[in-house]
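# Geometric and topological summary
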Amino acid sequence: MINLELINKLVEFGAERIKPLFKKRQFEVLKKISLGIELSDTEKRYLRGYVGRKLKLLNELNANQYNPRLNDYSDFLTILSNYYITGLEALKINGYGWDLQTNTLEVINTKLNGEIQFSNKLVKLIKVRSIKKAEFLINNSTSLRYATNEQIIKDTNITKNMFVKKKWANHYLNYGSEFSKFNPGKVND
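Below is a short write-up of the structure. (Residues numbered from 1 in each chain as written. Predicted model: local features only at pLDDT ≥ 70, side-chain atom pairs only at ≥ 80, totals over all residues. Heavy atoms only, no water.)

All right, on to the packing of helix H8 (residues 149-159) against helix H9 (residues 162-175) then. It is the contact of H8 with H9, at a shortest axis distance of 9 Å, that shows an interaxial angle of 145°. Between H8 and H9 lies a crossing of left-handed hand. From H8, Asn-149, Ile-152, Ile-153, Thr-156 and Asn-157 reach across to H9, where they touch Val-164, Lys-165 and Trp-168. Per-class residue counts for the contact of H8 with H9 are four nonpolar, three polar and one charged. (Axes fitted to C-alpha atoms, helices over the stretch in contact; angles between N-to-C directions. Helix = DSSP H or I, 4+ residues; strand = E, 2+ residues; numbered from the N terminus. Left-handed = near helix turned anticlockwise from the far one by under 90°. Contact = heavy atoms within 4.5 Å. Nonpolar A, V, L, I, M, F, W, Y, C, P; charged D, E, K, R; others polar.)

Moving on, we get to the nonpolar core. With 31 residues, the main nonpolar core has Leu-77, Ile-85 and Val-107 as its most contacted residues. Sorting the residues of this core by element identifies helix H6 (73-80), strand E1 (83-86), helix H7 (88-93), strand E2 (104-109), strand E4 (121-127), strand E6 (145-147), H8 and H9 as the ones contributing at least two each. The residues contacting Ile-85, other than those within four sequence positions of it, are Leu-77, Ala-90, Leu-105, Glu-106, Val-107, Leu-144, Arg-145, Tyr-146 and Ala-147. (Core = buried A, V, L, I, M, F, W, Y, C linked by side-chain atoms within 4.5 Å. Buried < 20%, exposed > 50% of the residue type's maximum accessible area, 1.4 Å probe, protein only.)

Turning our attention to the side chain of Thr-102. Within the element layout of this structure, Thr-102 appears in the loop between H7 and E2. Thr-102 gets classed as buried once you look at its relative accessible area, which sits at 6%. Of the polar contacts made by the side chain of Thr-102, one reaches the side chain of Glu-89; its length is 2.4 Å. Beyond its immediate stretch of four places on either side in the chain, Thr-102 contacts Leu-88, Glu-89, Lys-92 and Lys-121. (Polar contact = N/O pair within 3.5 Å; in protein donor to acceptor, adjacent residues only side chain to side chain.)

Using the criterion set out here, one finds six aromatic pairs in the structure. With a centroid separation of 5.8 Å and an interplanar angle of 40°, the aromatic rings of Phe-76 and Phe-118 are classed as tilted. Note that Phe-76 is positioned in helix H6 and Phe-118 in strand E3 (residues 114-118), a separation of 42 residues in sequence. Of the two residues, Phe-76 and Phe-118, neither departs from the other in class, the shared state being buried. Ring centres of Tyr-96 and Tyr-175 lie 5.1 Å apart, and the angle between their planes is 65°; on these two criteria the pair is classed as edge-to-face. Highlighted residues: Tyr-96 in the loop between H7 and E2 and Tyr-175 in helix H9, separated in sequence by 79 residues. The exposure class assigned to Tyr-96 is buried, which follows from its relative accessible area of 12%. A cation over a ring is seen here: Arg-17 above Phe-13, with NZ or CZ 4.1 Å from the ring centre. (Phe/Tyr/Trp six-rings, centres within 6.5 Å; stacked < 30°, edge-to-face > 60°. Lys NZ or Arg CZ within 6 Å of the ring centre and 35° of its normal.)

Residue pairs spaced three or four apart in an α-helix point in one direction, given the helix's 3.6 residues per turn. For helix H2 (residues 24-35), which comprises 12 residues, the first-to-last C-alpha distance of 17 Å matches the rise-based estimate of 16 Å (1.5 Å per residue) to within 8%. Those residues of H2 lying buried are Gln-26, Phe-27, Val-29, Leu-30 and Ile-33. The buried residues of H2 all sit within an arc of 155° when viewed along its axis, so they share a single face. Along H2, the residues that are exposed and aim more than 90 degrees away from the buried face are Lys-24 and Leu-35. Turning to H2, the residues buried within the fold contact helix H1 (4-13), helix H3 (41-48) and helix H4 (50-61). Gly-36 lies just past H2 and shows a positive phi near 80°. (Expected span 1.5 Å × (residues − 1). Arc of directions from axis to C-beta.)

Printed below as a string of structure tokens:
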């Protein structure tokens, strides 16, 4: 499989710069591929031979640069862009769920719906039309967006997570207006 991005970059470097790797005739083959010109039988043989092997090796060496891997859910969420994390994880980050072990991340977003597993966490994606009116804060250490305590209880109507609703109500009973400016009566309307 030919990586056109890699070939275009090699052609951009020029014949003189890549001379240690590719001979003049091999460079001409790369140039034709980048321009979309059909190769002759001899040039196709070059591509199946040493030129192809060199390209394969360069592609493997630069795999992370040309094909970035997602190692963690934070990498995935930065790609997603319009999102915020709600539920137990947001409670924990806001300082009220230190006793909780969260295995599921509820992510409200405008693009995807479904579930994705990242090592030890299940990321549950919930698609909505807009998050413009949502209240969230950006965590300075991770740059991820987390719902405020007030937004978490509003989101339980979307997520249908009764455990989060009960935990939120329990925290409100314990901490009152310090925890949230909403009272449970206003939220249940």
